[in-house]
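# Summary of the model geometry
Here's the letter readout for the chains.
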Amino acid sequence: MEISKANLFLTVKDHSVSGETFELHRDETLDLLITHPQPAEKDLGKYYESDDYISHTDGKRSLFEKMYQFIKNIALQNKLNLVNSLQLQKGKLLDIGAGTGDFLAVVQKDGWEISGIEPSEKAKSIAIPKGISFKEKLSDFEDHSFDVITMWHVLEHVPNLEDQIKELKRLLKPTGTILIAVPNFNSHDAKYYGTFWAAYDVPRHLWHFSKTAISILFEKENLQLEKVLPMKFDAFYVSLLSEKYKTGKMNFISAFLTGWKSNAKAAATKEYSSHIYVLKNAKT
């Protein structure tokens, strides 16, 4: 995707790993923000090399990590319930960016046949003892292999966005479902924290989505946006991290109030901190 200086939206610092500064450029047609410059694919790994990159650990070292793991367990059950509500018969499920394997372990226990993709060797080493096995790349799977494909806060990390969406289309069964969870830069907490909003997470997040962007990008592959669901916990989690980046400490009360206000405003605007997008093959 072509990036123009004229579309500069915001300049944001990598608060969690490198301390480097990146620009966000806005594609007005898609309502999509693009991180610039995007690190070369071979260099991306170094931006994940931190004990504080929480999705690649099962850490419970601090109160924040304990809270994260507690909320994660609630979210896992909610995700499973969502999958089962959308696909009444259990079949094959692929989780891309499976991290430490907790979601796959939950759906496997529920009777789904699972597959996973995860680039982080550290995360995979934690997942494998849980009974999770992985393929190296999506091209290892045959066409129309899966009833459900999930990407929980992963699409924003993928270097070749349009190629990734083509692969999702290829792998999905005709009656299958894709679930994409990503942050929403149009939310109240994003606007409130500005350059300190933790969900910008540059340069690990290469793309920053809106409802319009998801709808148009997937429509190009004849995948139809069926519904948009809120992730209300994210407003609190992201606000906690944003407070840390802004003030140097986690102000639990301020973060809670901001998260609560973001969800309250979203009840009217439908612009939550993060959304789950439910996509299916377009009807012909």
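Heads up: these notes are all about the structure in this document. (Residues numbered from 1 in each chain as written. Predicted model: local features only at pLDDT ≥ 70, side-chain atom pairs only at ≥ 80, totals over all residues. Heavy atoms only, no water.)

### Observations regarding the pattern of salt bridges
Just so we agree on the cut-off: A pairing counts as a salt bridge when a side-chain nitrogen of Lys or Arg comes within 4 Å of a carboxyl oxygen of Asp or Glu. Exposure categories follow from relative accessible area, calculated using a 1.4 Å probe and restricted to protein chains: below 20% of the type maximum is buried, above 50% is exposed, and the middle band is partly exposed.
All told, the structure shown has 15 salt bridges when counted by the stated rule. One salt bridge in this structure joins Asp 43 and Lys 42, with 3.4 Å as the shortest N-O distance. For Asp 43, a relative accessible area of 29% puts it in the partly exposed group. Under the relative-accessibility criterion, Lys 42 is labelled exposed at 72%. Between Asp 201 and Arg 204 there is a salt bridge, with its nearest N and O atoms 2.8 Å apart. Exposure remark for Asp 201: the relative accessible area of 15% places this residue in the buried category. Taking relative accessible area as the criterion, Arg 204 reaches 0% and is therefore assigned buried. By sharing partners, the salt bridges in this structure join Asp 14, Asp 201 and Arg 204 into a single network.

### Concerning helix α7 (residues 232–247)
Just so we agree on the cut-off: Here a helix means four or more residues in a row that DSSP labels H or I, a strand means two or more in a row labelled E, and each is numbered from the N terminus. Given the number of residues in a helix, its expected span is that number minus one, multiplied by 1.5 Å.
Across its 16 residues, α7 extends 23 Å between first and last C-alpha, which sits within 8% of the 22 Å expected from 1.5 Å per residue. Every buried residue of α7 is accounted for by Asp 234, Ala 235, Val 238, Ser 239, Leu 240, Leu 241, Ser 242, Glu 243 and Tyr 245. Positioned one or two residues after α7, Gly 248 has a phi angle of 90 degrees, which is positive.

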